[in-house]
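Spelled out, the chains give:
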Amino acid sequence: MKKLKTTCRTVSMLFLIAFGAACPVNGDIQESYKLTVKPTRCIALHKGQVCYQKLKFRWKMLSSEDFCLYQESKDEPLACWSGNERSNFEYKFESSTSESFSIRRKDTDDSVAEVKVTLSWVYRTGRKNSSGWRLF
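Calculation notes
- Residues numbered from 1 in each chain as written.
- Predicted model: local features only at pLDDT ≥ 70, side-chain atom pairs only at ≥ 80, totals over all residues.
- Heavy atoms only, no water.
- Salt bridge = Lys/Arg side-chain N within 4 Å of Asp/Glu carboxyl O.
- Patch = residues over 30% accessible without salt bridge, like charges linked within 9 Å, V, L, I, M, F, W, Y side chains within 5 Å.
- Areas by Shrake-Rupley, 256 points an atom, 1.4 Å probe, with all protein chains shown as cover.
- Helix = DSSP H or I, 4+ residues; strand = E, 2+ residues; numbered from the N terminus.
- Lys, Arg positive; Asp, Glu negative; His and termini not counted.
- Charge placed at Lys NZ, Arg CZ, Asp CG, Glu CD.
- Disulfide = S-S within 2.5 Å.
- Buried < 20%, exposed > 50% of the residue type's maximum accessible area, 1.4 Å probe, protein only.
- Pairing = 2+ DSSP bridges.
- Polar contact = N/O pair within 3.5 Å; in protein donor to acceptor, adjacent residues only side chain to side chain.
- Phe/Tyr/Trp six-rings, centres within 6.5 Å; stacked < 30°, edge-to-face > 60°.
- Lys NZ or Arg CZ within 6 Å of the ring centre and 35° of its normal.

Looking at the pattern of salt bridges
Stage number 1. What the rule picks out here adds up to 4 salt bridges.
Stage number 2. In this structure, a network of salt bridges that share partners links the residues Glu 72, Arg 104 and Asp 109.

Quick word on a nonpolar patch on the surface
Stage number 1. A surface patch of nonpolar side chains, amounting to about 260 Å² of accessible area, comprises Ile 43, Leu 45 and Val 122.
Stage number 2. Among the structural elements, Val 122 can be located in strand E8 (residues 111–123).

Focus: a negative patch on the surface
Stage number 1. On the surface, a cluster of negative charge is contributed by Asp 66, Glu 85, Asp 107 and Asp 110.
Stage number 2. Locating Asp 107 in the fold gives a position in the loop between strand E7 (99–105) and E8.

Things to note about the state of the cysteines
Stage number 1. A full pass over the atoms with the stated rule returns 2 disulfides.
Stage number 2. The disulfide partner of Cys 42 is Cys 51, and the S-S distance across this bridge is 1.7 Å. Taking the torsion about the sulfur-sulfur bond, which here is approximately -95°, the covalent link between Cys 42 and Cys 51 counts as left-handed. Exposure class is identical for Cys 42 and Cys 51. Each is buried.

Quick notes on the environment of Lys 74
Stage number 1. Mapped onto the fold, Lys 74 is located in the loop between strand E4 (66–71) and strand E5 (79–82).
Stage number 2. C-alpha of Lys 74 to C-alpha of Phe 101: the two residues are 27 residues apart in sequence and 9.8 Å apart in space.

Considering the pairing of strand E6 (residues 88–95)
Stage number 1. Taking every second residue as pointing to the same face, the buried face of E6 carries Phe 89, Tyr 91, Phe 93 and Ser 95, while none of Asn 88, Glu 90, Lys 92 and Glu 94 on the other face is buried.
Stage number 2. Sheet topology places strand E3 (residues 51–61) next to E6; 8 bridges connect them, and they run antiparallel. The residue of E6 that forms the bridge with Arg 58 is Asn 88.

Brief notes about the pairing of strand E1 (residues 33–38)
Stage number 1. Burial along E1 is one-sided: the residues Tyr 33, Leu 35 and Val 37 are buried and none of Lys 34, Thr 36 and Lys 38 is.
Stage number 2. One ladder, built from 6 bridges, connects E1 with E3; its direction is antiparallel. Its bridge partner lying in E3, Thr 36 is registered against Arg 58.

Points about the environment of Ser 73
Stage number 1. By the element assignment, Ser 73 lies in the loop between E4 and E5.
Stage number 2. Taking the C-alpha atoms as reference, Ser 73 lies 7.3 Å from Glu 99; in sequence the two are 26 residues apart.
Stage number 3. At 2.9 Å, the side chain of Ser 73 forms a polar contact with the side chain of Glu 99.

Let's talk about the packing of aromatic side chains
Stage number 1. Evaluated as defined, the whole model comprises 7 aromatic pairs.
Stage number 2. A cation sits over an aromatic face here: Lys 47 above Trp 121, 5.7 Å from the ring centre.
Stage number 3. Its end group placed over the ring of Tyr 70, Arg 104 keeps NZ or CZ at 4.0 Å from the ring centre.

Here we look at unusual backbone geometry
Stage number 1. Geometrically, the link from Lys 38 to Pro 39 is a cis peptide bond, its omega value of -10° lying close to zero.
Stage number 2. In this fold, Pro 39 is placed in the loop between E1 and strand E2 (41–46).
Stage number 3. One non-glycine residue, Asp 109, lies in positive phi territory at about 65°.
Stage number 4. Note that Asp 109 resides in the loop between E7 and E8.

What follows is the structure, encoded as structure tokens:
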């Protein structure tokens, strides 16, 4: 019986390692809070123009605390929830600069997860290229 338990543990560990799964380590706060956004890049036509994009946020909270999603350049939260009550949010992004978003604890305002949406441009200046050729 003891040999069977040891074999099962070994097979389980090999399975976890082979498929990239990781066991959470005690005290590892990064494993408890995950935040992703798609797309991670917003593309405007010219430098300085406002970029418009629908962002889809997804997160995983392994705590029953109250949280809020913030855009770092704004004081008011975009969305708030309690524990696992909510796991996604869609947002109509409008900005002329790259922006960071974070999930914060509602009571202490501590950031537990963060993502960044980078702004890019098709054309960097208003001048036309003298050769008339463009490479994409």
